[in-house]
Amino acid sequence: MATDTEVDLTPRLKTDEMLINMGPQHPATHGVLRLILTLDGEIVRHTEPILGHLHRAQEWQGQNRTWFQYQALIDRVDYLSGMFTSWAMARAAEVVDGCEVPERAEYLRVMVSEMNRITSHLLWLGTYLIDLGAMFGFPFYPFREREKLLELFEEIAGQRMMFNYIRIGGVMRNPKDAWLSKLKRFTEEFPDRVDEYEAIVTQNPIFLKRTKGVGILRKELGMDYGITGPSIRASGVNLDLRRTKPYSVYPKLKFDVPLNDRDGDTFDRYIFRIREMRESNEIIKQCLDMLPQGEISGKKQIAGLRVKAGEGFAAVESPRGTLGCYIISNGSDRAYRIKWRNPSFCNLSILPELLKNHPIADVMAIFGSIDVILPDVDR
Amino acid sequence: MDQFEMLKAWAETNVETTMFYFLATVAIPLAYGVILDKTIIRSGFILIGVFGSICGFFLLLQAQFLALAQLMIYAVGITLVIVIALMLTNPRMEKSQLSNATPANQLGAFMVAVGLFMTIYLSVRPENWTLSSEPLDTNNVEVLGRALTTDYSLPFEFASVLLLAALIGSVMLAKAEKPSKPGEDDYEYTVVEDGPIAGDPRQDREPAVSKR
Amino acid sequence: MRNGAEILKLGTLTLVWWCIIFGAVWAACYIVGILIPMALTSYESDAARMTAETCRALTPILSVLVFIPINAMFMVLFERRGLAIFTVRLGPNRVGPDGYLQTAADAVKLLFKEDITPRGADAFMFTLAPIVFFAPSIFGAMPLLAAVTNYHELFQIANLPTGIFFILAASSVPVVGIVMGGWASNNKYSLVGGLRSAAQAISYEIPLVLSLVTVCLMAGTLDVVQIAKQQSGGILNWNIFGGGALRGLDQAISLKFSSSAPALQELSKSSFEQVLKSVYLEPTAQALGLGAGQEGLAGIIAAFAVVLLIGSIWIAYGLYMTGACAEINRIPFDLPEAESELVSGYNTEYSGIKFAIFFLAEFTNLFIVASIAAVMFFGGGDCPVPAWLGTALGGPQIASVINQALTPLIEIKLVDPPTLFATIWVILKVYSIVFFAVLIRGTLPRFRIDQLMDFGWKRLIPLSLIVFVLVVYAREFVNVHVGT
Amino acid sequence: MLALSLVTRAKDSLYQICRGLKTVAMHTFREPITQVYPDKMPDTNIRGRLALAVNPETSEHLCISCRQCERVCPDKCIEITAHKSPETNKLELIEFKIDHGLCMFCGLCAEVCPTSCIINTNDFEMSEYSREALVYDLRKLTLSQEESRYYFDRKEIPLPKPKPAKAAPAAAGAAKPAAAGKPEEAKSESEAKVADAKAADAKDAKEVKQADEPEKQTAAPEEKEETENKEGSDKSKD
């Protein structure tokens, strides 16, 4: 099997190289990334990502908005996993401020963020299959489940993507019982749906051909480039902040972190995301069982919210990897300095290495598999 | 009734002649176009038109199978390969060679062309072509098949040997340029893993630093 | 059946559109092929007769010209609604009653869109490309038309003795249009798309042709009308079931059915065996030179040959469909226009009417490919119910009732029942295949170009050669069409 | 051997493809998830278009011109014009503008509003032909009594206590419809606080808002002092 899927791409005939400008208007660059590809025939020899088309000065805005206002903005950095960005910022601010977060709020945070992880991976799954050319059928199925979660988000946070739900010191709103039971129902039926996706995709010979042995990310190389998230776990690096640097109530929850025993390829990155969705589902189930009663916010959520002077860093494990936030506060109602460590930006840096000597058709298979969100790259 | 049949017969013969002249007037300018067009890929496409009209001639001769084979193999298959080969070659190189053509070269080429034409003309002219108005057997696939496997089996086999030689030759050509060392075939602008990511690969071209 | 309403809607939509398409084609054919010649024959002049003849001769091409645009419109809609059902959506349901006119609106929109020729493009080639892409599909449809209209004399004109070869030759031309368009667009994505298309078409033409040649070998002719005619007489005679390999079984069963009287039961039993023997054992024994005592061996070999033949034909059909999907650039072989890689491939720069022609031709090609399959493998316009079963189900009575009802229309040549039924069966067959193509489109991801080439050259071509050889040998021991 | 493995693999591949095809084909028999949107309006809980609620009981305007929303808005899309009434010495609302083209529907203004006046409705349809039309004025923003009741019920906001009837300058409120009648200035903040038994978070917001009031005045010192119509209120902030 292995010998068959390996592609011998050593060039035999010397032909003229061609520069192709992929993006920012290209349908498969997930937004506005621009890649300058140097092609030898259909083989990519050199890649140069051009960033910044979506730069919105999110860090600068953090210094010019009050904490309260900035929380509403920060969801937009990684718009597919807004819970994690707001959580990272809230945790950083809590580290600086030293305020307590009630346990119920922590459970709610874990719950909604794991839900968010599922939605993010579902969207990735759909779009990834589009990248691989399954344009018309399969991509709609993940979106169907995602829709259910988005409706739950809408009910609890008031928005489907820009939640503004996790706040410094707690969360915004208490869920109702009906909401919890809906979520419970979802968690019960979700594994069947994932089985369905796997029935369509995982063993599909074309899919296997497209993904197995393609874009192999060596463990050391990935560590050198600072890759995080499922991409590096698929290459066998045990880096999941929920386990390695536990935060919130994760130590109390039972879940597996899938870990590969070899250098991961595109297929591994796919299958690890699928497994992560299942694990997230389990986490939500446990949270629903363990959810305690009590306060939901340890700090008053008001316009004049202040964070004590000091500086601190906190990171969460977002669907794309380690999402860190570094805050310096001078005690006023806004940050003195905010710096983000965005997983997409770091993960994207590996792209030229992964694409080298792959045919142009693999560009999207590989680029899709590292799951980059462009606003997260450009901030 | 007779009148009608006559009309029909007249129309049939005339349609055939008209079609012949029509195809000829298409084919000859297209053939000139293949030679004269400045854009080499365009002349490749024009060649398809030439083959298409030759296919029309075969149809007029009631050789349907040959006509269709002509269309399938020459007009589409071979010409496409030619066009692709042309696309993959360097057009600038072609241009420089063209400009290098001296008047002596041009004269030589002209002489060769004239000589070739005269040879073909002289060899074809004295032949006695028997004219026949009798239609060919509609199932001329069978006729062709029989001819190829009985009377003409030797030329047929020779033709396939030629094709085999061409295949082997193309494989050899494709294999000819083998990278001597694994590192050497790397794209020269490629920034190796340990080096910094260069801004513009064409400006600061760095030698390969190290290999893992 | 929680989705019953949507399936029902799709069914109604299909029926309505079929009525529109075939109504239009029928009207055009009737007026040009029958009404005008009928009117003209009343004049005794030669010119009138000539005109009448010309009209009749032009009927097939006219019917195809009317058919193709309307049919392509319907197929786009059909595909969109079908995909919507597979993906738990509703599909286009806004324009017209329940979305029936969606594609008509799209077509009108495309016609009135600005026709842009990019700067630096070769304008002549750029314009020529869609024509070269589209025109062959019209020609390709012609012999098929003769085959599927149940040998109606009006469409017999379109037949050619080299029918299937003509279709294949015509269907190989569109790739020139793609390469031309790709090169003339002055766009690198288009160019890569065009080159890919050429490579793909040339590679997949071989298994495609070889699988069809296998069928032609069984049929002993290239003439599609002949091939369709040979398969008449129920599902067991179709090429997909060995092209007459099961004919003996068919005959034996029909014999059994015909003798329903209990007294004849014993006799019919023996004759049942006799028929089987005469059809299967004897040719096999003859071919092997076996004596009278070795009937058991001959029976085993005959059975094996039949199974082998049918299996080979199924594989040949699979090969044909794979190659055809690649020829017409459908998923999973839609590399020339791979959206995620090449934006839109060869038609990136096209807009307006030129894009519409590309789009039209794509779906027409799908239809033609499906009709080739219907003619070559599924018996053309043949009713799948065998005669004995039809009799048992009261087929003749139904037919006579229908004939009675249609008699006044038949009188004035408004309807020709054989053609009508043949058309209905062909359409059902063709659209089943199209529906399957839609299902495939809804499931499979896309190949990569080098894998596509590998798959074509290293898997499909050897397999098609093996199937070819198997069929050559297997049919020596079985009565296929050639023998009868 | 090789041929056998090839056959096995071909069989496996075919089986897997058929499994996928079957799964997709079985989806035919599932209910469509599409919502027929314009025909059937979705029942959302979305933080939609901003609006100003009136007291569902008395149809009084609830805005007290405290400018909390204007200050908290990250996009600066709210613009309040108010003046201190010479008779009552209380703030009177003259104009309330929200530029929905700028608004990002974060809902912060609704959170800080002490009287639950500004709320996010569930309405999300506000297509217009021009950007100017997206700037909603007081008349367009103010909800009717029924709508206010609907949203108060839906969002489970406790009903505000009706204000004591005032000798009405209501008629002086220019050519505004009755629903958008001249809003009266609220009582002192403490009074309003006691009166309105708010939901927990809303209450929190209000309590601390009082505590923070002097500090905020340093940042935006105009509130109590300036009595005139302030167009450049956002300019005065830095």
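Residues numbered from 1 in each chain as written. Chains lettered and ligands numbered in written order. Predicted model: local features only at pLDDT ≥ 70, side-chain atom pairs only at ≥ 80, totals over all residues. Heavy atoms only, no water.

## Some details on the interface of chain C and chain A
Next, step 1: Listed by partner, the interface residues are 28 residues for chain C and 36 residues for chain A.
Next, step 2: Between chain C and chain A, a total of about 2800 Å² is buried, with carbon and sulfur atoms accounting for 62% of that surface.
Next, step 3: The largest contributions to the chain C side of the interface with chain A come from Ser340, Pro445 and Arg448 of chain C, which together make up 22% of the buried area.
Next, step 4: Taken together, the connections running from chain C to chain A amount to one salt bridge.
Next, step 5: Measuring nitrogen to oxygen at the nearest pair gives 2.5 Å for the salt bridge that ties arginine 448 of chain C to aspartate 362 of chain A.
Next, step 6: Here chain C is connected to chain A by seven residue pairs in polar contact (both at pLDDT 80 or more).
Next, step 7: Residue assignment for the side of chain C that touches chain A shows that the elements contributing at least two residues are helix H2 (46–86), helix H8 (188–219), helix H13 (339–342), helix H17 (417–443) and helix H18 (449–477) of chain C.
Next, step 8: In the side of chain C that touches chain A, the residues fall into 13 nonpolar, five polar and 10 charged. (Contact = heavy atoms within 4.5 Å. Buried area = accessible area lost by both parts, 1.4 Å probe. Salt bridge = Lys/Arg side-chain N within 4 Å of Asp/Glu carboxyl O. Polar contact = N/O pair within 3.5 Å; in protein donor to acceptor, adjacent residues only side chain to side chain. Helix = DSSP H or I, 4+ residues; strand = E, 2+ residues; numbered from the N terminus. Nonpolar A, V, L, I, M, F, W, Y, C, P; charged D, E, K, R; others polar.)

## Thoughts on the packing of helix H14 (residues 352–376) of chain C against H17 of chain C
Residues and elements named next belong to chain C.
Next, step 1: Two numbers describe how H14 lies on H17: the axes approach to 9 Å, and their chain directions differ by 120°. As judged from the angle between their axes, H14 and H17 are oblique. At the point where H14 passes H17, the crossing takes the right-handed sense. Residues Phe363, Leu366, Phe367, Ala370, Ser371, Ala373 and Ala374 of H14 form the contact with H17, whose participating residues are Ile427, Lys429, Val430, Tyr431, Ile433, Val434, Ala437 and Arg441.
Next, step 2: Looking at the contact of H14 with H17 residue by residue, the classes come out as 12 nonpolar, one polar and two charged. (Axes fitted to C-alpha atoms, helices over the stretch in contact; angles between N-to-C directions. Parallel < 35°, antiparallel > 145°, perpendicular 65-115°, else oblique. Left-handed = near helix turned anticlockwise from the far one by under 90°.)

## What to know about the side chain of glutamine 200 of chain C
Residues and elements named next belong to chain C.
Next, step 1: Locating glutamine 200 in the fold gives a position in helix H8.
Next, step 2: Residue classification places glutamine 200 among the buried positions, given a relative accessible area of 0%.
Next, step 3: Among the polar contacts made by the side chain of glutamine 200, one reaches the main-chain carbonyl oxygen of alanine 326 at a distance of 2.7 Å.
Next, step 4: For glutamine 200, the contacting residues outside a window of four places in its chain are Ala326, Asn329, Phe333, Leu335, Pro336, Leu452 and Met453. (Buried < 20%, exposed > 50% of the residue type's maximum accessible area, 1.4 Å probe, protein only.)

## Regarding the pattern of salt bridges
Next, step 1: Tallying each qualifying case throughout the model produces 45 salt bridges over all chains.
Next, step 2: A salt bridge links arginine 193 of chain A to glutamate 196 of chain A; the nearest nitrogen and oxygen atoms lie 3.8 Å apart. With a gap of three residues between them, arginine 193 of chain A and glutamate 196 of chain A both fall in helix H7 (residues 177–200), about one helical turn apart. One exposure class covers both arginine 193 of chain A and glutamate 196 of chain A, and it is buried.
Next, step 3: Put simply, arginine 67 of chain D and glutamate 70 of chain D hold a salt bridge, and the shortest N to O gap is 2.9 Å.
Next, step 4: Judged by relative accessible area, which is 8%, glutamate 70 of chain D ranks as buried.
Next, step 5: Overlapping salt bridges bring together Glu114, Arg117, Arg233, Asp240, Arg242, Glu276 and Glu317 of chain A as one network.

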